[in-house]
There are 4 protein chains.
Amino acid sequence: MIYRRHIQIEFNHCDPAGIVFYPRYFEMTNSVAENFFREVAGQSYAAMMRDLQGVPTARLEADFHAPSRLGEVLEWRMQLTRLGRSSIDFGLQAWCGDEHRVTVRLVLVFVEGLGAPKPWPNDMRAAITAFMEAPDA
Amino acid sequence: MIYRRHIQIEFNHCDPAGIVFYPRYFEMTNSVAENFFREVAGQSYAAMMRDLQGVPTARLEADFHAPSRLGEVLEWRMQLTRLGRSSIDFGLQAWCGDEHRVTVRLVLVFVEGLGAPKPWPNDMRAAITAFMEAPDA
Amino acid sequence: MIYRRHIQIEFNHCDPAGIVFYPRYFEMTNSVAENFFREVAGQSYAAMMRDLQGVPTARLEADFHAPSRLGEVLEWRMQLTRLGRSSIDFGLQAWCGDEHRVTVRLVLVFVEGLGAPKPWPNDMRAAITAFMEAPDA
Amino acid sequence: MIYRRHIQIEFNHCDPAGIVFYPRYFEMTNSVAENFFREVAGQSYAAMMRDLQGVPTARLEADFHAPSRLGEVLEWRMQLTRLGRSSIDFGLQAWCGDEHRVTVRLVLVFVEGLGAPKPWPNDMRAAITAFMEAPDA
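Overview of the structure. All values derive from a computational prediction rather than experimental measurement.

**Description of the interface of chain D and chain A**
Stage number 1. With 20 residues of chain D at the interface, the matching set in chain A holds 20 residues.
Stage number 2. Our count for the chain D to chain A interface comes out at 6 salt bridges.
Stage number 3. Salt-bridge contacts for A:Asp63 lead to D:Arg59; the nearest nitrogen and oxygen are separated by 2.7 Å.
Stage number 4. Counting the contacts that link chain D with chain A gives 12 residue pairs in polar contact (both at pLDDT 80 or more).
Stage number 5. Elements with a contribution of two residues or more to the side of chain D that touches chain A: helix H1 (22–39) and strand E3 (57–64) of chain D.
Stage number 6. In terms of residues, the side of chain D that touches chain A owes the most to one element, E3(D), which gives 8 residues.
Stage number 7. Of the residues assigned to the side of chain D that touches chain A, the class counts are 12 nonpolar, 3 polar and 5 charged.
Stage number 8. Relative to E3(D), strand E3 (residues 57–64) of chain A runs antiparallel, the two being bridged by 5 bridges. What sits directly across from A:Asp63, in E3(D), is D:Arg59.

**Some points on the nonpolar core**
Stage number 1. Core analysis: the biggest nonpolar cluster contains 176 residues, and A:Phe37, B:Phe37, C:Phe37 and D:Phe37 have the highest contact counts within it.
Stage number 2. If we skip the residues at most four places from it in the chain, B:Phe37 touches B:Gly42, B:Gln43, B:Ser44, B:Tyr45, B:Met48, B:Val55, B:Ile88, B:Phe90, B:Leu108, B:Trp120, B:Met124 and B:Ile128.

**As for the pairing of strand E5 (residues 87–96) of chain D**
Two faces make up the sheet, and in a regular strand the side chains alternate between them.
Residue and element names in this part refer to chain D.
Stage number 1. Judged by how many residues are buried, E5 sits mostly within the fold: 8 of 10 residues are covered.
Stage number 2. By the bridge criterion, 10 bridges tie E5 to strand E6 (residues 99–109) in an arrangement that is antiparallel. Its bridge partner being in E6, Cys 96 is matched across the sheet by Glu 99.
Stage number 3. What sits between E5 and E6 in their antiparallel hairpin is a turn of 2 residues, with Gly 97 showing a positive phi close to 60 degrees.

**Focus: the interface of chain C and chain B**
Stage number 1. Residue-level contacts link 20 residues of chain C with 20 residues of chain B.
Stage number 2. Carbon and sulfur atoms make up 57% of the surface buried where chain C meets chain B, a total of about 1,800 Å² over both sides.
Stage number 3. Inspection of the chain C/chain B interface yields 6 salt bridges.
Stage number 4. Between B:Glu27 and C:Arg24 there is a salt bridge, with its nearest N and O atoms 2.8 Å apart.

**Quick notes on the packing of aromatic side chains**
Stage number 1. One pass over the structure, following the stated rule, counts 70 aromatic pairs over all chains.
Stage number 2. Ring centres of A:Tyr22 and A:Phe64 lie 6.1 Å apart, and the angle between their planes is 50 degrees; on these two criteria the pair is classed as tilted. In this pair, A:Tyr22 sits in helix H1 (residues 22–39) while A:Phe64 sits in strand E3, placing the two residues 42 residues apart along the sequence. Comparing A:Tyr22 with A:Phe64 shows no difference in burial state: the two are buried.
Stage number 3. Plain terms: the ring middles of A:Phe26 and D:Phe26 are 4.6 Å apart, the flat faces sit at 35 degrees to each other, and that makes the pair tilted. Note that A:Phe26 is positioned in helix H1 and D:Phe26 in helix H1, a pairing that runs across two chains.

**Concerning the sheet that holds strand E7 (residues 111–112) of chain B**
All names here are of chain B.
Stage number 1. Judged by pairing direction, the sheet is antiparallel, and its 3 strands sit side by side in the order E2-E7-E8 without closing on themselves. The open sheet has two edge strands with one neighbour each: strand E2 (53–54) and strand E8 (116–117).
Stage number 2. When E2 meets E7, the two strands line up antiparallel, connected through 2 bridges. When the bridges of E7 are listed, Gln 53 appears paired with Glu 112.

Scoring rules and cut-offs
Residues numbered from 1 in each chain as written. Chains lettered and ligands numbered in written order. Predicted model: local features only at pLDDT ≥ 70, side-chain atom pairs only at ≥ 80, totals over all residues. Heavy atoms only, no water. Contact = heavy atoms within 4.5 Å. Salt bridge = Lys/Arg side-chain N within 4 Å of Asp/Glu carboxyl O. Polar contact = N/O pair within 3.5 Å; in protein donor to acceptor, adjacent residues only side chain to side chain. Helix = DSSP H or I, 4+ residues; strand = E, 2+ residues; numbered from the N terminus. Nonpolar A, V, L, I, M, F, W, Y, C, P; charged D, E, K, R; others polar. Pairing = 2+ DSSP bridges. Core = buried A, V, L, I, M, F, W, Y, C linked by side-chain atoms within 4.5 Å. Buried < 20%, exposed > 50% of the residue type's maximum accessible area, 1.4 Å probe, protein only. Buried area = accessible area lost by both parts, 1.4 Å probe. Phe/Tyr/Trp six-rings, centres within 6.5 Å; stacked < 30°, edge-to-face > 60°.

What follows is the structure, given as structure tokens:
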């Protein structure tokens, strides 16, 4: 199943060349992951913070296929490619209409307390697994 | 009439104290104004850029009444308090439920070409005036 | 006495019009204040965070006199205009050579614990007062 | 030869967990590359913009080895690993003292006019090559 978010490109995202400044794409990937955890995994970042938990990014890769411009709307499509004991791999693509703009791979790790990786809590693992196995709408 | 936008507070907006970092409030006020010009005044920032026009901010004032936290949703309410020959005054308030968090006053100026203030184009002035005079829904 | 910081305008600060996007000016004013507290008041934001203290912004005003462009270097000059029981007023100006670009007034409040304003600790008050009363170099 | 820049971690870079928010690391990598082009390759981003040139990022990879905290100073070390006909590969590492925090690989492409890759101008190629071949100080 694919998790989707639409993000409108505003002044805030663009550089003097009028295209999205690449660090802003990662504000977008973080927002997509953040909303996924709240909506799908049943645990918002705010709730995690209160429990001294978090899902820091351990690794990422990105390919920028074509620039995105002010006023466009990007559709971010995120798939879960692997759920480990305490990690998760996401594959993200940003599309504008039928143009593929960006591909990102994110690896996040579930941590607790002083920052050591911990196994996913059972309820989060169950919710994420159910999403992975559901057919795309 | 009041122009409204909801903005969810995400990791991106928050500082190490877990509250909105004040420069991020101005990313929000810019976004509200940007969407107002596209939706109400009929001229997106992208369209203005193509015509070498813009609405830079000349002055602002802000009062921060109470902090906003990760996971909350802010309702931004924007009113037009004055439409000058080439300027516009906006009064914005950010609310979370019935808590008033931030008040901002923005003064923008319509410019063209090399940056000199110009009178508002007739169609923009008409659209903005119609919005100002309409009753709030 | 005037507290000075130079900030080079990079891609990160600029919008599609090639000029500083106004929320980035407030990233700069925050950086100037943050360095002032570390260097002059003897208390870094990191140290304050560890003690559950902070200096949130209560109010600001800004006038944007002329745009700043990619590649320029701004000199920020900050003066203390008032030291209250638990507040501080800063007057900032950004200059590029002999061009005055931005004027900002910031009001910060010292808070502790759950966010209630507290009187300045004696050592911070003494360091800030000494700076206010020193002649500008 | 290694290109070095020091960046102090300020409020601006940190998330509610008090550590650097990963999109801010890419504001840092962009700043390092931007200063490299100005100082080493003899062509600032501002000069490139005036000539309708640029060096957009085509690909990046990042590994986050350990978190960085408010108040720390990162030393960014950048090496040129490959200079192609119109591309350049950078290997960056962020260190805090003897702790290795982040590794990033950036691939940039020189473009002109409508965005098509172009061979590096001779003067830029010569300056970059001289830097690559120089021993580290």
